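Next come the chains, spelled out residue by residue.
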Amino acid sequence: MHNHLRTFTLLAALTALFMGIGFMIGGASGMMIALVFAGGMNLFSYWNSDKILLKMHGAQQVDETHGEALIRNYVRDVYDMADGAGMPRPKVYVMATDQPNAFATGRNPQNAAVAATQGLLRMLDRREVRGVMAHELAHVKNRDTLTMTVTATVAGAISALANFALFFGGNDRERPGGMIGTIALMILAPMAAGLVQMAISRGREYEADRGGAEICGDPEALADALQKIEHYARGTVNLPAERNPATGQMFIINPLSGRGADNLFSTHPATPNRVKALMEMAGKVAAPVQRAARAVGTAVPVTRRSKGGPWG
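Asks: Can you help me understand the overall build of the chain in this one?
Replies: A count of helices and strands for the chain gives nine helices and four strands. The N-to-C order of helical and strand elements in the chain reads α-β-α-β-β-β-α-α-α-α-α-α-α. Put simply, of all contacts in the chain between residues at least 6 apart along the chain, 69% involve residues at least 24 apart. Counting every atom, the chain has about 14600 Å² of accessible surface; 62% of that belongs to carbon and sulfur.

Printed below as a string of C-alpha cells:
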C-alpha cells in the first residue's frame with residue numbers, strides 16, 4: 001500500500017509539473033495545449049508501446065513448440081507461473097542479445113508480453129530464470145507496464161515543452177522570469193521530470209521483486225539471479241538498449257552503464273539492497289521452498305552459498 005501511494009503521489013507531481021510548465025509558457029491556453037498534447041501522446045503509447053518496445057529490441061515471439069529445449073522450458077515456466085498466479089498467459093519473446101536481462105510490456109494483463117535475452121537463458125539456471133520471469137509477471141500483475149509507459153511519455157513531453165519554451169508564450173515580458181526564467185525552465189524541468197520518473201521506477205522494482213518472489217515461491221532464486229545479471233551485464237554491451245536509452249527503465253537490471261547506486265539518478269535500486277530485501281523475505285517463508293526446477297540447468301551452475309557467506 002505504501003508503494004502504491006508513493007507511486008500515485010509521484011505521478012500526481014509529474015502531472016502537476018507538466019501542467020505548470022504549460023501555464024508558465026502560455027498561461028491558461030498553454031496549459032490546455034499541454035493537456036491535449038499529453039493526452040495524444042499517452043493515447044498513442046497506450047495502444048502501441050508494447051509493439052514499439054519489442055521491435056526496438058528485435059524480440060521474436062516463441063512458444064512451447066520451439067525446437068530448442070531451453071526456450072521450450074522458458075515458455076512453459078512462464079505459462080505455469082502465470083496460471084498459478086491466476087493471470088492471463090502473456091506472449092513470450094526472446095531477444096538475440098548476449099547481455100542477461102528481461103522486461104515486461106503491454107497495456108494490461110490481457111495484452112501483456114514478457115521478453116528475456118538469449119544471454120539470460122544461457123547464463124542462468126532454470127530456477128533463476130523462473131525467478132526473473134516471476135519478477136516480470138509481477139510487473140504485469142501490478143500494471144506497472146502501463147504506469148512506466150505513462151511516466152516515460154509525460155517525462156518526454158515535459159522535456160519537449162521545455163525545449164519549445166523559447167517559441168511559446170509571447171514576448172519575454174509575458175513570461176515569468178523573462179529569458180533567464182525560460183532558460184532555467186529548459187534546464188530544470190526535464191531534470192525534475194527525470195528524477196520523478198526514476199523514483200517511480202525504483203519503487204515499482206522493489207514491489208515487483210516482492211511480488212515475483214511470491215509468484216515463483218523462491219525469493220532466493222531471484223536474489224541469486226539479480227547478482228548474476230548484475231555481474232554479467234556490467235561486462236556486456238546491450239546495443240539495442242544503448243540506441244534507445246529511454247527503454248532502460250523497463251529492464252530488470254539497468255542495461256546501460258551498470259549504475260549501481262540507489263540514488264536520485266538511478267532508474268533501478270541498488271542490487272545489494274534488492275538482494276537484502278529478498279533474503280529477508282526468504283527468512284519469513286514458512287513452507288518449504290519448491291526446488292524441482294533446480295535439476296534442469298543451463299550453462300551456469302546454481303549459485304552456492306557457504307556458511308560463511310553474507311546470508312549465513
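Asks: How should I be thinking about the side chain of Asp 144 in this particular structure?
Replies: Tracing the chain through its elements places Asp 144 in helix 5 (residues 144–163). Separated by 2.8 Å, the side chains of Asp 144 and Arg 204 make a polar contact. Ignoring any residue separated from it by four or fewer positions in sequence, one finds Asp 144 in contact with His 139 and Arg 204.

Asks: Please clarify how the side chain of Glu 136 should be interpreted in this entry.
Replies: Here Glu 136 is to be found in helix 4 (residues 126–141). It is Arg 274 that comes nearest to the buried, bridge-free Glu 136 among opposite-charge side chains, at 7.0 Å. Residue contacts for Glu 136: discarding those within four places in its chain leaves Ala 102, Phe 103, Ala 104, Val 114, Met 250 and Ile 252.

Asks: Explain the sheet that holds strand 3 (residues 102–105) here, please?
Replies: Within a sheet, each strand pairs with its neighbour through backbone hydrogen bonds, oriented either parallel or antiparallel. Taken in spatial order, the four strands make up an open sheet running 1-2-4-3, and their pairing is mixed. Of all strands in the sheet, those bounded by a partner on one side alone are strand 1 (59–62) and strand 3. Direction aside, the axes of adjacent strands within the sheet are offset by 30° on average. Running over the sheet, helix 2 (residues 69–84) touches strand 1, strand 2 (91–95) and strand 4 (113–117) and is turned about 145° from strand 2. Across the face of the sheet, helix 4 comes into contact with strand 3 and strand 4 while running at roughly 20° to strand 3.

Asks: Looking at this model, I keep getting lost on helix 4. Mind explaining?
Replies: Owing to its 3.6 residues per turn, the α-helix aligns residues three or four sequence positions apart on the same side. Counted at 1.5 Å a residue, the expected span for helix 4 with its 16 residues is 22 Å, and the 22 Å between its end C-alpha atoms agrees. Among the 16 residues of helix 4, 15 are classified as buried, and the element is accordingly described as predominantly covered. By the N-cap criterion, in which a side-chain oxygen at the helix start approaches the backbone nitrogen of a residue two or three places on, helix 4 is capped by Asp 125, the distance to Arg 127 being 3.1 Å. Count one or two residues on from helix 4 and you reach Arg 143, which has phi positive near 60°.

Asks: How do you make sense of the pairing of strand 2 when you look at a structure like this?
Replies: As a general feature of sheets, a regular strand has side chains that alternate between the two faces. Across the five residues that make up strand 2, a large majority, four, are buried. Relative to strand 2, strand 1 runs antiparallel, the two being bridged by four bridges. What sits directly across from Gln 60, in strand 2, is Val 94. Bridging between strand 2 and strand 4 involves five bridges; their strand directions are parallel.

Asks: Explain a nonpolar patch on the surface to me, please; I cannot follow it from the model alone.
Replies: The grouping of Phe 44, Ile 52 and Met 56 at the surface amounts to a nonpolar patch, some 260 Å² of accessible area in total. With respect to the helices, strands and loops of the structure, Met 56 is situated in helix 1 (residues 2–56).

Asks: Please explain the packing of aromatic side chains as it appears in this structure.
Replies: Remark: the centre distance and the inter-plane angle together describe each pair of aromatic rings, the angle taken between the planes. By the definition in use, this model includes one aromatic pair. Aromatic side chains Phe 103 and Phe 251 sit 5.1 Å apart centroid to centroid with 75° between the ring planes, which places their arrangement in the edge-to-face category. Of this pair, Phe 103 sits in strand 3 while Phe 251 sits in the loop between helix 8 (239–243) and helix 9 (271–282), and the two are 148 residues apart along the sequence. When sorted by exposure, Phe 103 lands in the same class as Phe 251, which is buried.

Asks: Sorry if this is basic, but what is going on with the environment of Gly 235 here?
Replies: Locating Gly 235 in the fold gives a position in the loop between helix 7 (219–233) and helix 8. In this structure, the C-alpha to C-alpha distance between Gly 235 and Gln 99, residues 136 residues apart in sequence, is 8.3 Å.

Asks: Even after reading the chapter, I still don't get the confidence of the model for the chain, so can you show me in this structure?
Replies: When pLDDT is low, close inspection of the predicted coordinates is not appropriate. Residues of the chain with pLDDT of at least 70 account for 68%, and the chain-wide mean is 76. Summarising per-element confidence for the chain, the mean pLDDT is lowest in helix 5 (72) and highest in strand 2 (97). In the predicted structure, residues 258–265 sits below a pLDDT of 50 and forms 23 contacts with residues beyond four places in sequence or in another chain. Note on residues 285–312: pLDDT is under 50 here. Beyond four places in sequence and across chains, it has 48 contacts.

Asks: Help me understand helix 7 in this model?
Replies: In a regular helix each residue adds 1.5 Å, so 15 residues correspond to 21 Å; helix 7 covers 21 Å between its end C-alpha atoms and thus fits that length. Burial analysis of helix 7 places 12 of its 15 residues in the buried class, the great majority of the element.

Asks: What should I look at first to understand the environment of Asp 77 in this one?
Replies: Among the structural elements, Asp 77 can be located in helix 2. Assessed through its relative accessible area of 6%, Asp 77 is described here as buried. Between the C-alpha atom of Asp 77 and that of Gly 131, which follows or precedes it by 54 residues, the distance is 10.0 Å. Ignoring anything within four residues of it in the chain, the contact list for Asp 77 reads Arg 126 and Arg 130. A polar atom in the side chain of Asp 77 sits 3.2 Å from the side chain of Arg 130.

Procedures and definitions
- The residue numbering used here restarts from 1 in each chain and proceeds along that chain's sequence as written.
- With pLDDT at 70 or above as the cut-off, local features in this predicted model cover only qualifying residues; side-chain atom pairs require 80 or more to be listed or tallied, and sums for whole chains, interfaces and linings still use all residues.
- Neither water nor hydrogens contribute to the side-chain values; these are computed over all heavy atoms in the structure.
- A helix here means a DSSP run of H or I that spans at least four residues, while a strand means a run of E at least two residues long, and both kinds are numbered starting from the N terminus.
- Should any heavy atoms of two residues lie within 4.5 Å, those residues are considered in contact.
- The Shrake-Rupley method, run with a 1.4 Å probe, gives the accessible areas here. Residue values count only the displayed protein chains as cover.
- Counting of polar contacts relies on pairs of N or O atoms within 3.5 Å, with two restrictions inside protein: one atom must be capable of donating a hydrogen and the other of accepting it, and residues adjacent in sequence are counted only when both atoms are side-chain atoms.
- Burial here depends on accessible area, computed with a 1.4 Å probe over protein chains only, as a share of the maximum for the residue type. Under 20% is buried, over 50% is exposed, and the range in between is partly exposed.
- Working convention for charge: Lys and Arg count positive, Asp and Glu count negative, and His plus the chain ends are omitted.
- Only one rule defines a salt bridge in this text: a Lys or Arg side-chain nitrogen within 4 Å of an Asp or Glu carboxyl oxygen.
- Note: two strands are recorded as paired if DSSP finds a minimum of 2 bridges between them.
- In this analysis an axis means a line fitted to C-alpha atoms, helices contributing only their contacting stretch, and an angle means the value between N-to-C directions, from 0 to 180 degrees.
- Given the number of residues in a helix, its expected span is that number minus one, multiplied by 1.5 Å.
- Surface patches are defined over residues having more than 30% relative accessible area and no salt bridge, joining like charges when they lie within 9 Å and nonpolar side chains (Val, Leu, Ile, Met, Phe, Trp, Tyr) when within 5 Å.
- By convention, a stacked pair of Phe, Tyr or Trp rings (six-membered ring in the case of Trp) has centres within 6.5 Å and planes under 30 degrees apart, an edge-to-face pair has planes over 60 apart, and any other such pair is tilted.
- Across the chain, each position has a pLDDT score giving the predictor's confidence in that residue, from 0 to 100.

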